[in-house]
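Tertiary structure, described
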Amino acid sequence: MKNNRYPVNAKNNAEGRELMSCIDDDSVSAVFFDPQYRGILDKLKYGNEGKSRGRARSELQQMDETTITTFIREINRVLKESGHLFLWVDKFHLCQGVLDWFIDTELHCVDMIVWDKGKIGMGYRTRRKSEYLIVFQKAPVKAKGCWTDHTIPDVWEEKISGKTHPHSKPVELQKRLIAAVTVEGDVVLDPAAGSFSVLTACRELGRDFIGGDIAYGGE
């Protein structure tokens, strides 16, 4: 894998597109991508961004639609044939649709998992309790030989304790997914790593991780 700048299995301070520019075509087996978009914050305009509950999330550097699309294009380039992209979205983007981001790529929507976080969030009508993980596969699309764990439920309950990042994600779910679509020694990419939960999962499974976050300031 072409990468002389960003070490593997490390927490890199890196802008995701710059990091991916150092990675060879068709060299990554799985990708997790959690775009830092405002989505629901702008839509609902709660007015609590200056308060402790919303400040950490609102202060993250946000991605516009064009930026997200360029991330997706780079992910498409570095992902191996039949490799998987796991895309985190909130309710707003799930309802509005994200497929425009995937125009002119080889990535096809094949599944979705609902993450029940075990805590109640915001909402003018129903209160948010879940996030959504849309599963894409790079062509050729196939399940046999590419997804080995058929016991993963499509509604996953996992509560995060000791949350250290506004966008912390469930390590156990990510670990199960990585184990299902990769083998030991495969490379897993997270170009907007946040709390580096994917790195934690990779270390426990013996997978190689490449990723970084623009907001990461080092240990």
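One can find the structure itself at the top, above this paragraph.
Let me begin by describing the structure that accompanies this report.

Reading the values: the criteria
- Residues numbered from 1 in each chain as written.
- Predicted model: local features only at pLDDT ≥ 70, side-chain atom pairs only at ≥ 80, totals over all residues.
- Heavy atoms only, no water.
- Helix = DSSP H or I, 4+ residues; strand = E, 2+ residues; numbered from the N terminus.
- Buried < 20%, exposed > 50% of the residue type's maximum accessible area, 1.4 Å probe, protein only.
- Contact = heavy atoms within 4.5 Å.
- Areas by Shrake-Rupley, 256 points an atom, 1.4 Å probe, with all protein chains shown as cover.
- Pairing = 2+ DSSP bridges.
- Axes fitted to C-alpha atoms, helices over the stretch in contact; angles between N-to-C directions.
- 1 Å grid on protein atoms, 1.4 Å probe; cavity = no way out; pocket = protein on both sides within 12 Å on 5 of 7 lines; lining within 4 Å.
- Points joined across faces, edges and corners; volume = space filled by probe spheres on them.
- Nonpolar A, V, L, I, M, F, W, Y, C, P; charged D, E, K, R; others polar.
- Parallel < 35°, antiparallel > 145°, perpendicular 65-115°, else oblique.
- Left-handed = near helix turned anticlockwise from the far one by under 90°.

1. Digging into the overall build of the chain
Each helix and strand counted, the chain has seven helices and eight strands in total. Per-residue burial over the chain gives 52% buried out of 219 residues. Restricting the contact set of the chain to residue pairs at least 6 apart, pairs at least 24 apart contribute 73%. A total accessible area of about 10900 Å² is found for the chain, and carbon and sulfur atoms account for 48% of it.

2. Considering the sheet that holds strand β5 (residues 130-138)
Strand order in the open sheet formed by eight strands is β1-β8-β7-β2-β3-β5-β4-β6, and the pairing between neighbours is mixed. Each edge of the open sheet carries a strand with a single partner, namely β1 (12-13) and β6 (155-157). Helix α4 (residues 65-78) contacts β2 (28-33), β3 (79-89), β4 (107-116), β5 and β7 (187-190) of the sheet and is inclined by roughly 150 degrees relative to β3.

3. Remarks on empty space enclosed by the protein
Evaluation of the coordinates by the stated rule reveals one cavity of 30 Å³ or more. If you add up the space inside the largest cavity, you get close to 90 Å³. In this structure, the largest cavity is lined by 15 residues; those nearest its centre are Asp-34, Lys-169, Asp-190, Ala-192 and Ala-193. Of all the secondary-structure elements, those providing two or more residues to the lining of the largest cavity are β2 and α7 (197-205). Tallied by class, residues from the lining of the largest cavity come to six nonpolar, six polar and three charged.

4. Describing the packing of helix α6 (residues 171-181) against α7
The interhelical angle for the contact between α6 and α7, taken along N-to-C directions, is 55 degrees, at an axis separation of 9 Å. In terms of axis orientation, α6 runs oblique to α7. In this structure, α6 meets α7 at a crossing whose hand is right-handed. Here Val-171, Glu-172, Gln-174, Lys-175, Ile-178 and Ala-179 of α6 come into contact with α7, specifically with Ser-197, Val-198, Thr-200, Ala-201, Cys-202, Glu-204 and Leu-205.

5. Some thoughts on unusual backbone geometry
In the segment running from Ala-139 into Pro-140, the intervening peptide bond is cis, with an omega of 0 degrees. Inspection of the secondary structure puts Pro-140 in the loop between β5 and β6. The backbone phi angle of Asp-26 is positive, close to 55 degrees, even though this residue is not glycine. Tracing the backbone shows Asp-26 in the loop between α1 (16-20) and β2. With a relative accessible area of 42%, Asp-26 lands in the partly exposed category. Unlike most non-glycine residues, Asp-104 shows phi in positive territory, near 65 degrees. On the basis of relative accessible area, Asp-104 is assigned to the exposed category, the value being 68%.

6. Looking at the pairing of β5
Most of β5 is tucked away: nine of the nine residues are buried. Side chains Ser-130, Tyr-132, Ile-134, Phe-136 and Lys-138 project from β5 onto one buried face, and the interleaved Glu-131, Leu-133, Val-135 and Gln-137 project onto a second face that is buried too. Strand direction decides the pairing type here: β3 and β5, joined by six bridges, are antiparallel. Along β5, the bridge assignment pairs Leu-85 with Phe-136. The pairing of β4 with β5 spans nine bridges and is antiparallel. Within the sheet, the bridge partner assigned to Trp-115 lies in β5 and is Glu-131.

Honestly, it's all geometry; don't read function into it.
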